[in-house]
Amino acid sequence: MVRTNPNLMKRAKWAAGISAAILFYLFPAATFAQDSLFIIPKPLIQQARLGHFTFTAQTQVFSSNEFIGAADLLHEHPYIHFKKIISLTAIKQMPKQGIILVRANQKDTLAQNAYRLLVEPKRIIITAHQPAAILNAIATLRQIAYTRKNGDQIPAVWIEDRPAFGYRGLMLDVSRNFFPIPFLKKYIDIMSLYKLNTFHWHLTDGAGWRLEIKKYPELTQKAAWRTNANWKYWWNSGRKYAEMGTPEASGGFYTADQARDLVSYAAKRGITVIPEIEMPAHSEEVLAAYPNLSCYGVPYKNSEFCIGNEETFTFLQNVLDEVMSIFPSKYIHIGGDEADKSAWKTCSKCQKIIKDFNLKDENGLQSYAIKRIETYLTSKGRKLIGWDEILEGGLAPEATVMSWRGEKGGIEAANSGHDVIMTPGAYLYFDAYQTNPIGQPEAIGGYLPLQKVYAYHPIATQIDADKQKHILGVQANMWTEYMPTSNQVEYMAFPRVLALAEMAWTAEKNKSWNDFQLRLQKHYLLLQRLNVNYYPPSTALSVLSTFDIDKKTATVTITSEQFEPSIHYTVDGSAPTATSPLYHAPISLSATAIVKTAIFKGDIQIGKTAELQVDIHKAIGKKVIYNNSWSTNYPAQKEITLVNGQTGDLTYGDGQWQGFLGDFDVTIDMDTIQLLSQLKIRFMQSTGPGVYIPAQVTVAVSEDGKVFKTVPKSDNDVPYTDPTLRFKTFVFDLKGNIARFIKITGKNEKNGFMFTDEVVVY
Ligand code: ACM
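Residues numbered from 1 in each chain as written. Predicted model: local features only at pLDDT ≥ 70, side-chain atom pairs only at ≥ 80, totals over all residues. Heavy atoms only, no water.

J.: What's the story with the sheet that holds strand 21 (residues 471-478) in this structure? I'm lost.
T.: Taken in spatial order, the eight strands close into a barrel running 8-9-14-15-16-17-18-21, and their pairing is parallel. Put simply, the sheet's adjacent strands are angled 30° from each other on average, direction ignored. Summarising the sheet, strand 8 (residues 167-173) and strand 9 (residues 198-202) pair through five bridges and their orientation is parallel. Looking at strand 9, one finds that L172 is bridged to W201. (Pairing = 2+ DSSP bridges. Helix = DSSP H or I, 4+ residues; strand = E, 2+ residues; numbered from the N terminus. Axes fitted to C-alpha atoms, helices over the stretch in contact; angles between N-to-C directions.)

J.: How should I be thinking about the environment of Y376 in this particular structure?
T.: By the element assignment, Y376 lies in helix 14 (residues 362-379). For Y376, a relative accessible area of 14% gives the class buried. Sequence separation between Y376 and Q521 is 145 residues; the distance between their C-alpha atoms is 48 Å. Ignoring sequence-local partners within four residues, the contact set of Y376 consists of Q317, D321 and M324. Engagement of the side chain of Y376 in a polar contact is seen with the side chain of D321, the distance being 2.5 Å. (Buried < 20%, exposed > 50% of the residue type's maximum accessible area, 1.4 Å probe, protein only. Contact = heavy atoms within 4.5 Å. Polar contact = N/O pair within 3.5 Å; in protein donor to acceptor, adjacent residues only side chain to side chain.)

J.: Is there a simple way to think about the packing of aromatic side chains in this case?
T.: Each aromatic ring pair is characterised by the separation of its centres together with the angle its planes make. Taken as a whole, this structure holds 41 aromatic pairs when the rule is applied. An angle of 35° between the planes, with centres 4.7 Å apart, marks the rings of F178 and Y254 as tilted. Of this pair, F178 sits in the loop between strand 8 and helix 6 (181-193) while Y254 sits in the loop between strand 13 (250-251) and helix 9 (256-268), placing them 76 residues apart in sequence. With a centroid separation of 4.8 Å and 90° between ring planes, the pair formed by Y626 and W630 is classed as edge-to-face. Since its relative accessible area comes to 17%, Y626 is described here as buried. Among the aromatic side chains, those forming a connected cluster through ring pairs are F178, F179, F183, Y187, F199, W201, Y254 and F327. The ring of Y265 has R269 sitting right over it, with the charged end atom 3.6 Å from the ring centre. (Phe/Tyr/Trp six-rings, centres within 6.5 Å; stacked < 30°, edge-to-face > 60°. Lys NZ or Arg CZ within 6 Å of the ring centre and 35° of its normal.)

Right, here's the structure in full:
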């Protein structure tokens, strides 16, 4: 959280250090002190120069011949208006005025993928080796204009800049919801402003096929249309498709020509479009239209293609032929995720392939299919990319892996010499809530605030030094189950895309969250100017506590999405006011307390009061016996989780919530027989991903661990039909009980996951 911004102070000191006489002669003091540039992602080198450049109606554009195509993008700069680009070859001398795009000469030490942007009072010179770098320089110029109050005048500066990663991606799922081409163009425009260079277009999935394939008209006649526009309703009520043009049909598709047009629109902005055609799973829409390609041979049974049917490969290759004729990208994404392999187990054709090719099992069968597709793509000069499940059963020899189920798949692939794109769910799935879900439009679940995105570093420490080059870059994914409109896509994407952009472009050592936040404030202006429905920083506070078991001390951290807020707090249960202590550093607590806090502007409270009960209780550090173990997928902090003095936050993935399949059943050994007064245990409910509160919690106490006495049970009163994020604390009065062992059970009524974070005992 930002209290005072070190960079702001540095700038002020720097300005003061330069001869005041010169500065005051050239500039009014106020102009200079305030005139900084706020570029995202942060450039590698940026040095202020004296003076300003002013764009006028007469500003001319000059370019080396190689960059004339790229220079055309200057038309999208809000203050640059020119009729024609003047070729530099026709001119003997470097122009003294105007905007000049020059190809770096061979002796220039500028990196191949870098640009140099020199803004002088009379001219702007952009130097690069490659058109892609010129486009990035133009993006910088456009950003500077949009982030200033009067963008027609920009401060002189010298910038030298290049990306940390070559692949800087953003995915959009147009299957779960269909979005019109003008929105995709807007999405691509903004991507290019932030120097992202890859648009991964998730074109096919069970919720609708979205690309015209001339050879298979049923894909767009039927598989592109479903019986209800609302994805969740449709998903829960039969998942049927409808003929295009019938009253119930809802959906859409892109014609091949529209897709081609989008590819060239993106290319002009330095963005490659990678199409994704899902296989072998997430294909129920295809199999509804072409049921002969499924193991059961009937619609609405399988999501997976039948691998044993040769017609499957004929179909996929024919589709890919048309896809490759539309998309010139080196990569073709073939999905590969989340196959349910059960139909293959009982399908005689699939089993015959396993036998004939001496495959180990159904994983081997999946690998066989992916390898065949890879051979096909390679024969056409393309490269296969797939989600990390393509590792199962053995990776295709040249495949690139997109690591989404955490970083594990990516680490494994990189260490075995395969190229990888990192897109781990916990950091880069922008369908998760970005703030407290309460009061937010429904999302898929989880909690991914801006700062967490920003903090992600794509090169995991487990990747061998000589294999780090295989991490080509990063990507964030916009899965749109809960984004029915383009407005909602924007709301979920921004400002998180800006954090992605900086993580992908700016070298790790140059990243700074405080400095990013400072620059971000100006980018809200940019996003407003471009009509982007971004998520505005919340006035809610997040209060989190960690606990040091040895020191028996809790440390409470309060964070805000607001910029430099005045946060006041109390620890005595009273309501915070503007005269309560000002929060400036984490608070240490050595006894149970309730922290209450709010933001103030002068005397006025902004936003709601946040509070956190910090329990420094008797069970901390005690032994927990698991009569039914935690789920291996959600161990949290293992044995210490429930007695570590620490509560979880808003998502079960945060390392404090422990997950259970089956009933919850633990016994706490308090070391000694003692007088007890109260027990509290909290559970979470998030029905989207199948997380439920137990129907009932029971507590029993014992002196010897053998004979237990049950205290009155406590029933859940939170409805299982409530789709919002809910928490329920079960409280037990233990007054008068003397015991050493406490057994707590929770009934898993819904056969889903149950998550709890702490057992508090007094
Ligand atoms: C995925 O999220 N199923 C790739």
